[in-house]
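# A closer look at the structure
Here's the letter readout for the chains.
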Amino acid sequence: MGNLSIADQVKQDGLSIHRQCFSSEEIVAINEHIARYIEEPHPGIVREDDRKSIRGIHGPHLYDNFFRQLVADPRLLGPAEEFLGEPCYVHQFKINMKQRMKGEAWPWHQDYIFWKNGDGIPRPNLINVAILLNDVDMLHGPLCLIPGSHKFGDLSESSKNTGDWEQDLSKDLTYQIGHADIDRLVRDNGVKYLTGEAGDVALFDPMVAHSSSVNLSPQDRVLLIVTYNTTSNTPRPDHNKPRPEFLSARDFRPLHQIANRRVTDQVIEPVFHELVGVEDGN
Ligand code: SIN
Ligand code: MN
């Protein structure tokens, strides 16, 4: 990728991968926190078809200060703001658990169509920032991204659309890319597999075609994805039937006021008070 800035890499390829951004201690802390979080019932925890295995945890930053602090970490928010060129807030935050032996696939799709039709976001000017929370190889069902596919506009075809937000998260996704388009895109551009080590970070554009297959490995494939949006691209006010807040943010205040702390700086208490202060002021 030469000497391109992160923003220019994402503009060129639709994605950019950075190794070892979070230390193993930080990854342990995040995984331990996830384990504690799922011990309690929370909104936004979605199961696989077996109704037992957790497929994804959505919006944990709305209910938990550790995660609220994490989304403001400069290693995530910094490149997002560099790419988008404006102050950002979190439109969506999810942790895809893809549990060992049971984690199901994600068909080929682009993300923006869900946020456009589901949430009323006017433009595709958002960015996904993902952290690998475990080492990932081909057996884990890694995220697969087609470099350059963000330049071809909306490629989505509707599958049988039930109108339910659950379908937007299922293995029968509401909007998928047709096989002829995938044939052509893979032939011309290849596929980048998001394999690597826990602590690696990837940015990817919401117009990039991506998918992942089942996890047949003995370990969970835990992928944390924060989607940042800018304060000039908030949902249309006349958008009706908004999806739940754990999928589509209602709070559009930019995060940068609290962006200079790392998740394991162990300043949870002061940050907690800062956050409560911000909340109280509203
Ligand atoms: C996504 O499509 O946003 C994530 C898919 C995955 O976790 O593999
Ligand atoms: Mn996606």
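See above for the structure.
Notes on the structure in this doc start here. In this text, all values refer to a predicted model and were calculated from it rather than measured experimentally.

The biggest cluster of nonpolar side chains holds 35 residues, and the ones touching the most others in it are Ile-34, Leu-76, Ile-95, Leu-224 and Tyr-228. Here this core gets five residues from one element, more than from any other, and that element is helix α4 (residues 74–84). The contacts of Leu-76, once residues within four sequence positions are left out, are Phe-22, Leu-70, Val-129, Ile-131, Val-201, Val-226 and Tyr-228.

Looking now at helix α2 (residues 24–37). Between its first and last C-alpha, α2 extends 20 Å over 14 residues, near the 20 Å set by a 1.5 Å rise per residue. When we look at burial in α2, the residues that qualify are Glu-26, Ile-27, Ala-29, Ile-30, His-33, Ile-34 and Tyr-37. Mapping the buried residues of α2 onto a view down its axis gives an arc of 160 degrees, with all of them on the same face. The exposed residues of α2 that point more than 90 degrees off its buried face are Ser-24 and Glu-25.

This next bit is on the sheet that holds strand β10 (residues 192–193). On the basis of which strands lie adjacent, the open sheet formed by four strands has the order β5-β12-β7-β10 and antiparallel pairing. Each of the sheet's edge strands pairs with one partner strand only, and the pair in question is β5 (106–109) and β10. Where strand β7 (residues 144–145) and strand β12 (residues 210–212) come together, two bridges link them in antiparallel fashion. The partner of Cys-144 across the bridge, within β12, is Ser-211.

The protein atoms donating to the manganese ion (ligand 2) are His-109 (NE2), Asp-111 (OD) and His-210 (NE2), with metal-donor distances spanning 2.1 to 2.2 Å. Each donor residue of the manganese ion (ligand 2) belongs to the same chain, with the gaps between them written as H-x1-D-x98-H. Assigned by exposure class, His-109 and Asp-111 land together as buried.

Where helix α1 (residues 6–13) meets α4, the closest approach of the two axes is 8 Å, and the angle between their N-to-C directions is 65 degrees. The hand of the α1/α4 crossing is right-handed. Here α1 contributes Ile-6, Ala-7, Val-10 and Lys-11 to the contact with α4, which in turn contributes Pro-79, Glu-82 and Phe-83. For the contact of α1 with α4, the class distribution of residues is five nonpolar, no polar and two charged.

Attention now goes to unusual backbone geometry. Backbone geometry at Gln-20 places phi at a positive 50 degrees, although glycine is not the residue there. Within the secondary structure, Gln-20 is located in the loop between β1 (15–18) and α2. The exposure class of Gln-20 is exposed, given its relative accessible area of 60%. Of note, Lys-241 is a non-glycine position whose phi angle comes to about 55 degrees, a positive value.

Lining the immediate surroundings of ligand 1 are Lys-94, Asn-96, Trp-106, His-109, Leu-143, His-210, Ser-212, Arg-221, Leu-223 and Ile-225. One of the side-chain nitrogen or oxygen atoms of Asn-96 is found 2.8 Å away from an oxygen atom of ligand 1. A distance of 3.1 Å separates an oxygen atom of ligand 1 from a polar side-chain atom of His-210. The protein chains hide 99% of the 260 Å² of surface that ligand 1 would expose on its own.

Let us look at the pairing of strand β3 (residues 54–58). Two faces, one strand: in a regular strand the side chains alternate between the faces of the sheet. A large share of β3 lies buried, amounting to five of its five residues. Here three bridges tie strand β2 (residues 45–47) to β3, and the two strands are oriented antiparallel to one another. Looking across to β3, one finds that Val-46 is bridged to Gly-56. With antiparallel pairing between neighbouring strands as the criterion, β2 and β3 make up a hairpin whose turn holds six residues, including Arg-51 at a positive phi of roughly 65 degrees. As paired elements, β3 and strand β4 (residues 88–96) share three bridges and run antiparallel to each other. Across the sheet, the residue bridging to Gly-56 is Asn-96, located in β4.

Counting across every chain of the model gives six aromatic pairs. Residues Tyr-37 and Phe-67 carry aromatic rings whose centres are separated by 5.5 Å and whose planes lie at 85 degrees to one another, so their mutual orientation is edge-to-face. Residue Tyr-37 is located in helix α2, and its partner Phe-67 is located in helix α3 (residues 65–70); the two are separated by 30 residues in the primary sequence. There is no split in this pair, since Tyr-37 and Phe-67 are both buried. Their ring planes at 75 degrees and their centres at 5.2 Å tell us that Phe-114 and Tyr-175 sit as a pair that is edge-to-face. Here Phe-114, found in helix α5 (residues 112–119), pairs with Tyr-175, found in strand β9 (residues 175–177); they are 61 residues apart in sequence, far enough to count as distant. As far as burial versus exposure is concerned, Phe-114 and Tyr-175 are alike and both buried. Each member of the aromatic cluster is reached from another via a ring pair, and the members are Tyr-37, Phe-66, Phe-67 and Phe-93.

The rules behind each value
- Residues numbered from 1 in each chain as written.
- Chains lettered and ligands numbered in written order.
- Predicted model: local features only at pLDDT ≥ 70, side-chain atom pairs only at ≥ 80, totals over all residues.
- Heavy atoms only, no water.
- Core = buried A, V, L, I, M, F, W, Y, C linked by side-chain atoms within 4.5 Å.
- Buried < 20%, exposed > 50% of the residue type's maximum accessible area, 1.4 Å probe, protein only.
- Helix = DSSP H or I, 4+ residues; strand = E, 2+ residues; numbered from the N terminus.
- Contact = heavy atoms within 4.5 Å.
- Expected span 1.5 Å × (residues − 1).
- Arc of directions from axis to C-beta.
- Pairing = 2+ DSSP bridges.
- Donors = N, O, S within 2.8 Å, 3.2 Å for Na, K, Ca; no water.
- Axes fitted to C-alpha atoms, helices over the stretch in contact; angles between N-to-C directions.
- Left-handed = near helix turned anticlockwise from the far one by under 90°.
- Nonpolar A, V, L, I, M, F, W, Y, C, P; charged D, E, K, R; others polar.
- Near = heavy atom within 4 Å.
- Polar contact = N/O pair within 3.5 Å; in protein donor to acceptor, adjacent residues only side chain to side chain.
- Areas by Shrake-Rupley, 256 points an atom, 1.4 Å probe, with all protein chains shown as cover.
- Phe/Tyr/Trp six-rings, centres within 6.5 Å; stacked < 30°, edge-to-face > 60°.

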